[in-house]
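The chain contents come next:
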Amino acid sequence: YVFINHERKEENMSKTVTREDVAKLANVSPTIVSYVLNNSNYVSQEKREKVLEAVRQLNYIPNQLARGLRTSRSAQFIFVCDNIQAELFEAVETRLFERGYYISLNYSRNTKEFLDMLISRQPEGIFMATNMFDAQQLNSIAMNGIPIILYRTKHYEELDPRIVTVVPDYYDAVRKSVDYLILKGHTCIGMVPPVKYLTKGVEGDDFRVRAYVEALRRSSIPVRPELICTRTQTVDDICEEVFRMLVSSEKDGKPTALVVGNDYLAAQIMQYLKKLNISVPGDLSVIGCDNTQIAPLTTPALTTVDVSKEKLAKTYVDKMLALVEGQQAEDEYIGVKLIIRESA
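The structure reproduced in this document is the subject of the present report. Given the structure is predicted, the values throughout are model-derived calculations rather than measurements.

Focus: the packing of helix H2 (residues 19-26) against helix H4 (residues 45-58)
Working step 1: Axis separation between H2 and H4 bottoms out at 9 Å; the angle between their running directions is 120 degrees. Classed by the angle they form, the pair H2 and H4 counts as oblique. Crossing angle aside, the handedness with which H2 passes H4 is right-handed. Across from Asp 21, Val 22, Leu 25 and Ala 26 in H2, the residues of H4 making contact are Lys 50, Val 51, Ala 54, Val 55, Gln 57 and Leu 58.
Working step 2: A breakdown of the residues in the contact of H2 with H4 according to their chemical character gives 7 nonpolar, 1 polar and 2 charged.

As structure tokens, then:
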């Protein structure tokens, strides 16, 4: 008797719980269960609570693969970046997960094979946090029916309408940083973009350098091309560029401040300057960007430009899901503000 009962228990445990089982226990239709789990249609609060309670009791886990086969949708997104943007990725991932979607992180590679891989995976959409690809490459992805939210930091010609810009206003971020340093008396200011950021310096079309040049010229300060870092492939390359700025310039042309593309890179540069026995801010002021969790923890605490991660992530996800549903979405630049700490 005990043995047979044990077998029955194992049989019940191994049985796959279905949407129909949840519907039966909640005394609703399977369609109502789908509405609740996908958050796709209005369901009364009473029925919603019954469905969620049935899900909890039965430990029901929807089969995402089966749902994808039924709907011809993957429920998967891809986040492509040059270097990990942990706080933004976490905020985007959390919002998508709450909506029943999943996201994977990929580092950018400017090769045909990489682009082919992105297209072949047929994600619901791609968050492109890199300026590595040109308009033709981005359009080739969108033309395969994959919408893109672009972390846009340079000018592009004729982007596909399924490519929408959502990004902090880095033009204003750099302008605020340079203006603040000029206000503090600096006239030799170095410009250091993020790792892998493509720029041609003064002749380039990227927003950061254009804002840097505009801010200097507006204050009638000469633009020194040698103070713009154009070798950005690795952190070591960037540190070598900083070293070049400090030793190869004439005494009056050495930078007294650096505007750096993000906080993590700024923190690494500050560590490098410490090895050179260059004090911050005594010898060289440093301003980062993004106001990440590391900014107040550096020594000295990092002056930086703040953008609301929650607002950015919400805008990212809302516009992407609108594109996925075939709706239109407009470009949006998120406002920024300067956070003054001890490094500048």
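So, a nonpolar patch on the surface
Working step 1: On the surface, a nonpolar cluster with roughly 240 Å² of combined accessible area is contributed by Phe 243, Val 247 and Leu 276.
Working step 2: Counting through the fold element by element, Phe 243 comes out in helix H11 (residues 235-248).

Considerations on the packing of aromatic side chains
Here a ring pair, both rings aromatic, is described through the centre-centre distance and the interplanar angle of the planes.
Working step 1: Applying the stated criterion across every chain, the model contains 8 aromatic pairs.
Working step 2: Aromatic side chains Phe 97 and Tyr 102 sit 5.8 Å apart centroid to centroid with 80 degrees between the ring planes, which places their arrangement in the edge-to-face category.
Working step 3: Judged by its relative accessible area of 32%, Tyr 102 is partly exposed.
Working step 4: On the numbers, 6.3 Å between centres and 10 degrees between planes, the contact of Phe 114 with Phe 133 is stacked. On the criterion of sequence distance, the pair formed by Phe 114 in helix H7 (residues 112-120) and Phe 133 in the loop between strand E3 (125-129) and helix H8 (135-142) is long-range, its members being 19 residues apart. Considered together, Phe 114 and Phe 133 belong to a single accessibility category, that of buried residues.
Working step 5: Cluster of aromatic residues (ring-pair linked, three or more members): Phe 77, Phe 79, Tyr 101, Phe 127, Tyr 151, Tyr 170 and Tyr 316.
Working step 6: A cation sits over an aromatic face here: Arg 208 above Tyr 170, 4.2 Å from the ring centre.

Rules and cut-offs
Residues numbered from 1 in each chain as written. Predicted model: local features only at pLDDT ≥ 70, side-chain atom pairs only at ≥ 80, totals over all residues. Heavy atoms only, no water. Axes fitted to C-alpha atoms, helices over the stretch in contact; angles between N-to-C directions. Helix = DSSP H or I, 4+ residues; strand = E, 2+ residues; numbered from the N terminus. Parallel < 35°, antiparallel > 145°, perpendicular 65-115°, else oblique. Left-handed = near helix turned anticlockwise from the far one by under 90°. Contact = heavy atoms within 4.5 Å. Nonpolar A, V, L, I, M, F, W, Y, C, P; charged D, E, K, R; others polar. Patch = residues over 30% accessible without salt bridge, like charges linked within 9 Å, V, L, I, M, F, W, Y side chains within 5 Å. Areas by Shrake-Rupley, 256 points an atom, 1.4 Å probe, with all protein chains shown as cover. Salt bridge = Lys/Arg side-chain N within 4 Å of Asp/Glu carboxyl O. Phe/Tyr/Trp six-rings, centres within 6.5 Å; stacked < 30°, edge-to-face > 60°. Buried < 20%, exposed > 50% of the residue type's maximum accessible area, 1.4 Å probe, protein only. Lys NZ or Arg CZ within 6 Å of the ring centre and 35° of its normal.

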